[in-house]
Amino acid sequence: MLLTFANPGQRNAFDGDVLAAAIETLSKAERDDAIRVVVLTGADRDFCGGIEAGKDLATQIGILENLQNLVETLRSFPKPVIAAIEGIAIDAGFSLALACDLVVAGQSATFGVSSSQIGIWSVGGAGWFLPKALPPQWVAEILLDAAPLNASRLHAAGLVNKLATDGAVADKALEWAERLAALPPAAFEQFKALLDNASTTTLAEYFSLERHGVLTKRPGAV
């Protein structure tokens, strides 16, 4: 399934309606056995420019809560999710990319966190995801310096899986999705559970999870 964020004239900045629709769509996709992989992208050659500005405080908090719900939905989603990123992925857009399982980005795509420049912390979980993937100096640079990061630098750091020609990012992501869709449905769900638990369990506990996965996911198991 190709899920496209669209907020014309706002570089696909999130508002409450866009986020609520995304959560509902992913919930339906989780229950639909015909959908094996989800690709997230943005309309008009941008992924997402953050949260829509100019709202009152109560509305902004509501949008932030919806964003957090969407990130949590992605992290618990049992099927592969690929972010296909053109243009900018800033603030909420960057956090959403980090929440996806795989990332394909255009050569000219840029990423970053600008919220520190107006005296607030990053939104949508970037400050939680980044320390798990990068050295502290990297994280400090990203969270404190609003200068955009290009896709090639993040590709070298391992945060972007594949680079693609600008304008062909969604096609490359969908091609990858077709290959992943051929995997057994339970394979990714089990892998994701093991990966999520790897940093918080002992090796013995991790081995127990592996054995449980073999027992419950083997053909004919109840």
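Report follows, based on the coordinates. Fair warning: this is a prediction, and the values are worked out from it, not measured in the lab.

### A few points about empty space enclosed by the protein
Phase 1: On inspection of all chains with the given rule, the structure shows 1 cavity of 30 Å³ or more.
Phase 2: In this structure, the largest cavity spans a volume of roughly 30 Å³.
Phase 3: Taken together, F94, A97, L98, V103, F111, L154, L159 and V160 form the lining of the largest cavity.
Phase 4: Looking at the lining of the largest cavity element by element, the count peaks at 3 residues for helix α3 (residues 92-99).
Phase 5: Residues of the lining of the largest cavity, tallied by class, amount to 8 nonpolar, no polar and no charged.

### Section: the packing of aromatic side chains
Phase 1: Under the counting rule described, the total for this entry stands at 4 aromatic pairs.
Phase 2: Geometrically, the ring pair formed by F5 and F47 is edge-to-face, given 6.1 Å between the ring centres and 85° between the ring planes. You can see F5 sitting in strand β1 (residues 2-5) and its partner F47 sitting in the loop between β2 (38-42) and α2 (57-76), a full 42 residues away along the chain. The residues F5 and F47 share a single accessibility class, namely buried.
Phase 3: Each residue in the set F5, F14 and F47 is aromatic and connected to the rest through ring pairs, giving one cluster.
Phase 4: The side chain of R153 reaches across the aromatic face of W138, ending 4.3 Å from its centre.
Phase 5: Here K162 stacks its cationic end above the ring of W176, 4.6 Å away from the centre of that ring.

### With respect to the packing of α2 against α3
Phase 1: At a minimum axis distance of 9 Å, the contact between α2 and α3 shows a crossing angle of 15°. When the interaxial angle is binned, α2 and α3 end up roughly parallel. Here the hand of the crossing between α2 and α3 comes out right-handed. Taken together, the residues of α3 that come into contact with α2 (itself represented by L67, L70, V71, L74 and R75) are A92, L96 and A99.
Phase 2: Residue composition of the contact of α2 with α3, grouped by class: 7 nonpolar, no polar and 1 charged.

### Concerning the pairing of β2
Phase 1: With respect to burial, β2 is a largely interior element, 5 of its 5 residues being buried.
Phase 2: By the alternation rule, side chains of β2 split into V38, L40 and G42 and V39 and T41, which are all buried.
Phase 3: Where β1 lies against β2, 4 bridges are found, and the strand directions are parallel. Bridging from a neighbouring strand, T4 pairs with T41 of β2.
Phase 4: In this fold, the crossover linking β1 to β2 by way of helix α1 (residues 16-31) has right-handed handedness.
Phase 5: The pairing of β2 with strand β3 (residues 81-85) spans 3 bridges and is parallel. When the sheet's bridge partners are listed, V38 is paired in β3 with V81.
Phase 6: In the classification by handedness, the crossover that spans β2, the intervening α2 and the parallel β3 is right-handed.

The rules behind each value
- Residues numbered from 1 in each chain as written.
- Predicted model: local features only at pLDDT ≥ 70, side-chain atom pairs only at ≥ 80, totals over all residues.
- Heavy atoms only, no water.
- 1 Å grid on protein atoms, 1.4 Å probe; cavity = no way out; pocket = protein on both sides within 12 Å on 5 of 7 lines; lining within 4 Å.
- Points joined across faces, edges and corners; volume = space filled by probe spheres on them.
- Helix = DSSP H or I, 4+ residues; strand = E, 2+ residues; numbered from the N terminus.
- Nonpolar A, V, L, I, M, F, W, Y, C, P; charged D, E, K, R; others polar.
- Phe/Tyr/Trp six-rings, centres within 6.5 Å; stacked < 30°, edge-to-face > 60°.
- Buried < 20%, exposed > 50% of the residue type's maximum accessible area, 1.4 Å probe, protein only.
- Lys NZ or Arg CZ within 6 Å of the ring centre and 35° of its normal.
- Axes fitted to C-alpha atoms, helices over the stretch in contact; angles between N-to-C directions.
- Parallel < 35°, antiparallel > 145°, perpendicular 65-115°, else oblique.
- Left-handed = near helix turned anticlockwise from the far one by under 90°.
- Contact = heavy atoms within 4.5 Å.
- Pairing = 2+ DSSP bridges.
- Right-handed = clockwise from strand over helix to strand, strands pointing away.

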